[in-house]
Every structure is written in structure tokens, then in C-alpha cells.
Amino acid sequence: MSSIQSKDDIEIRLMEKKHMKEALNCFSVFDLQESLSTLEAFYECDSKAFYVAINRKDNRVIGACGAPVTTHNSGFLGLYVVDSEFQNRGIGKQLFESCLQNIGNRNCGLHAVPEKLEMYRNKAGFRVSEGISMVVCSGIPMNWQSLRQNVDKEIKIEVFNRDNNELLQKIIDYDSRVQMNGNREKLINLCLHNSGYTTFVAINDNTKQLNGFGCIRIDYEGKGMIGPVYGDNEIIGEVLIYNLLKSCPVTQTKGLLYMTISSSMTGIEISKKLELTETERCERVFTKHVIPVNHSLIYCLFSPNFGL
Ligand SMILES: CC(C)(COP(=O)(O)OP(=O)(O)OC[C@H]1O[C@@H](n2cnc3c(N)ncnc32)[C@H](O)[C@@H]1OP(=O)(O)O)[C@@H](O)C(=O)NCCC(=O)NCCS
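Residues numbered from 1 in each chain as written. Predicted model: local features only at pLDDT ≥ 70, side-chain atom pairs only at ≥ 80, totals over all residues.

Peer 1: Looking at this structure, I do not really get the overall build of the chain. What am I missing?
Peer 2: Regarding its fold elements, the chain presents 8 helices and 15 strands. In terms of overall dimensions, the chain is globule-like: its C-alpha atoms have a radius of gyration of 19 Å, near the 19 Å expected for 308 residues. Taken over the C-alpha atoms alone, the chain extends approximately 65 × 40 × 35 Å along its principal axes. In the chain, buried positions account for 48% of the 308 residues. Counted over contacts in the chain with a minimum sequence separation of 6, partners at least 24 positions apart contribute 74%. (Helix = DSSP H or I, 4+ residues; strand = E, 2+ residues; numbered from the N terminus. Rg over C-alpha atoms; globule rule 2.2 N^0.38 Å. Buried ≥ 20, exposed ≤ 12 C-beta atoms within 10 Å, placed from the backbone. Contact = placed C-beta atoms within 7 Å.)

Peer 1: Can you help me understand the nonpolar core in this one?
Peer 2: One recurring pattern in soluble globular proteins: nonpolar side chains tend to sit buried together. Formed by 98 residues in total, the largest nonpolar core has its most connected members in Ala23 and Ala64. Among the elements that line this core, the one with the most residues is helix H7 (residues 234-246), at 7 residues. Per-domain counts for this core show at least three residues from each of domain 1 (3-131) and domain 2 (137-300). Every residue in contact with Ala23, bar those within four places of it in the chain, is listed here: Met15, Val52, Val61, Ala64 and Leu79. (Core = buried A, V, L, I, M, F, W, Y, C linked by C-beta atoms within 7 Å. Domains from an automatic or database assignment.)

Peer 1: Help me understand helix H6 (residues 185-193) in this model?
Peer 2: Each full turn of the α-helix corresponds to 3.6 residues, which orients residues three or four apart in the same direction. Those residues of H6 that sit buried are Leu187, Ile188, Cys191 and Leu192. All buried residues of H6 lie within an arc of 115 degrees about the axis, which places them on one face of the element. Buried positions along H6 lie against helix H2 (36-45), strand E5 (69-71), helix H5 (165-178), strand E10 (198-204) and strand E11 (210-218). (Arc of directions from axis to C-beta.)

Peer 1: How should I be thinking about the domain arrangement of the chain in this particular structure?
Peer 2: Note on interface size: it is often stated as the accessible area lost on association of the parts. Per the domain assignment, the segments of the chain are domain 1 (3-131) and domain 2 (137-300). With centres defined by C-alpha atoms, the gap from domain 1 to domain 2 works out at 25 Å. In this complex, domain 1 contributes 32 residues to the contact, which on the side of domain 2 involves 30 residues. Looking at the side of domain 1 that touches domain 2, the elements that each hand over two or more residues are helix H1 (20-29), H2, E5, strand E7 (107-112), helix H4 (117-124) and strand E8 (128-139). For the side of domain 1 that touches domain 2, the element with the highest residue contribution is H2, accounting for 7 residues. Broken down by class, the residue content of the side of domain 1 that touches domain 2 amounts to 14 nonpolar, 14 polar and 4 charged. (Nonpolar A, V, L, I, M, F, W, Y, C, P; charged D, E, K, R; others polar.)

Peer 1: I would appreciate a short explanation of the site of the ligand in the present structure.
Peer 2: Residues in contact with the ligand amount to 19 residues; listed here are only the nearest, Gln87, Gly92, Lys93, Phe96 and Ala124. Contributing elements (two or more residues each) for the shell around the ligand: strand E6 (74-82), helix H3 (91-103) and H4. Residue contributions to the shell around the ligand peak at 4 residues, all from H3. Class assignment of the residues belonging to the shell around the ligand gives a composition of 11 nonpolar, 4 polar and 4 charged. (Near = placed C-beta within 6 Å.)

Peer 1: What should I look at first to understand the environment of Phe76 in this one?
Peer 2: Looking at the secondary structure, you find Phe76 in strand E6. C-alpha separation for the pair Phe76 and Ile291, spaced 215 residues apart in sequence, amounts to 9.4 Å.

Peer 1: What is the right way to look at the packing of H1 against H2 in this model?
Peer 2: For any two helices packed against each other, one specifies the inter-axial angle together with the distance between the axes. One way to put it is that H1 packs onto H2 with a least axis distance of 11 Å and a crossing angle of 125 degrees. Taken as axis vectors, H1 and H2 run oblique relative to one another. As H1 packs across H2, the resulting crossing turns out to be right-handed. Of the residues in H2, those touching H1 at Met20, Lys21 and Leu24 are Leu36, Leu39, Glu40 and Tyr43. Taken together, the residues of the contact of H1 with H2 break down into 5 nonpolar, no polar and 2 charged. (Axes fitted to C-alpha atoms, helices over the stretch in contact; angles between N-to-C directions. Parallel < 35°, antiparallel > 145°, perpendicular 65-115°, else oblique. Left-handed = near helix turned anticlockwise from the far one by under 90°.)

Peer 1: For this particular structure, what's the right way to read the environment of Leu39?
Peer 2: Topologically, Leu39 is positioned in helix H2. Judged by local crowding, Leu39 falls into the buried class, with 27 C-beta atoms found within 10 Å. Between the C-alpha atoms of Leu39 and Leu24, which are 15 residues apart in sequence, the distance is 8.9 Å. Setting aside residues up to four positions removed in sequence, Leu39 forms contacts with Met20, Leu24 and Glu34.

Here's what the structure looks like:
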């Protein structure tokens, strides 16, 4: 089913659920991150957007790429990888082009690792930039107890209970505000119902209005992976991060992955307070236009691969 091209003994085909772990395994070899639960959710939303390269000899996944369309009729490309043993044979380009073919005339974005930025710009047509980068930080978070722990009296920070449909709708609406009216209802639903996700909300006790929310999950290598963290102001962002770290003790042993954006001074300041190491800045580039998003509400982003 769905095999589109073959080169030598390698088959490029649509990703199936059973390929996900192997794809993440290939990816993590290069110290690139994603959690299985997040990949599963994006895959459920747009399963035709993901491709793998399979070595016919042993049926092993040796490459992957995905560009799910989530908001504003635009794709976002990530999980782009080929096992080093199979690189420089044109497999990566075939995977990438399969994803772009699926996108067709629509717009597409990606976070470019610095060493590949020129290639994406000059060879793959990702020429539009907003001058903003994803900032990747990691390490054991130090001093997290010294982060702000309270907002004001009216705003309560509490764990999201998966059965609370009214609150879930408020989270979906808040996400849509961040995405400038982009609708990610299915994605948010899938992630927040996944038992791998812990979610906290900031809620006004008087008006019951939602003022922000944040999530943490475990990445493929067992590290804590925080995000998204969205909030009305920097205090809410910081208190959400404090609560998420407190809820996930594995970050103190295995470490934390923390991805913010270069326009979020608070997001970057918090990573410094936590003494995380900034490992990379990956510029956001697009084929046609910038995907609109309200940067001022973002403290940590959703997925390093598939979007803010
Ligand atoms: C990036 C990566 C997937 C490319 O895979 P690959 O199979 O080695 O790439 P190819 O053999 O298809 O590339 C052949 C040529 O096409 C270019 N190319 C690669 N991907 C391309 C694309 N999407 N569009 C146009 N050209 C591309 C390469 O620059 C190379 O050109 P060159 O020979 O002039 O240098 C691979 O190097 C990799 O896994 N790197 C580590 C993970 C990583 O950095 N991922 C990107 C995260 S943003």
C-alpha cells in the first residue's frame, strides 16, 4: 500500500503507526527531539502528511519526514532525518519532496537547524522569514523552586482534569487565540486526553476566564519535554512552568527539553534562571508566507517539529 518510489533497495512510503517509534529512534540519534505522544497526535490529525524510508532488506525504518497541516491551511515540516549509513544517496530529498507534494500549492514552514538553513532557502524554496527562531535549551533544571509560584489572588493554577469538557473547550479557544483564529481542536483534544500529557491551567476564580495553559510530557529518550506554555502575561507563564516542573520529577534525573522563541524575552530569561544550556537556534522559514501567531502569548512552544 502507498509505496510511491523506490531507489535501489529503499522504499519511500506513507508512514504507518507501527513505524513511529523507529522513526523517532532515527531522529534521536542526531539529538533531535520529539515525544511519541505528540507525534501520534499530529499523525492522527493528518496521517497522509508523513513518510518513511524503509530498507527492504530488513524492513527497518531508515528515514522519515512529516509536514502536517494544522492551521491557516499551512503545513509545518519536521522529523526530517536519514540514518547516517544511508545519507547522501538522495533519500532525504525524496522524503522531503513527498511531503511537499502532499502540501501541493499550500504554504509550508519549518524550523531550520543552522547548518541546513542555506539548503532550505536556496534549494527547497523556504525563502520567507519573519526573523524569529526557535531557541532550543536542555539540561537538568536548577533553582526551579525559585521561580514565581503565585499569580494574584484571583488567578488559580490547577491541574486540568481530562473529564472537564467545559475547561477543554476553553483551552481549545485559548489555543485558537494564540494561533490567530487557527483551529487546532482535534490536536489539542488528542494531546490533552493522552495520559502522557500533564496539563495545568491558569483560571480566574471570579470570572472563570482562562488566562493560560501549559503541558509537559516525556520525550522519546525519557526526558521531560515542556510545552506548549501559553499565558496572558509573564507571571502566568512563569508560574505555569514552575507547576509543570514540580509535577514532573523525572526532569531532575533525566533532564528537561525546553523550546522557546527568540521573541520571548521571558521564555529565554526563565531558561537562564533554570541554568539550562542553549543548544541551538533554528530559524522559522516558510515557502509562501509567515503563519500568523500571537507571539506575545508564547513562553514555550508546542512542538519543535510541527509548529508553535
Ligand atoms: C538532512 C538529511 C535528512 C538529508 O538526508 P540525505 O538523504 O543525506 O540527503 P540527500 O542525499 O537527499 O541530499 C542530497 C543533496 O540534496 C540536498 N538536499 C537534501 N535535502 C534537500 C531538500 N529537502 N531539498 C533540496 N535539496 C535537498 C542536499 O543538500 C544534498 O545536496 P549536495 O549534494 O549538493 O550537498 C540528513 O542529512 C540528516 O538526517 N541529517 C541529520 C538530521 C537533521 O539535521 N535533520 C534536519 C533537521 S531541520
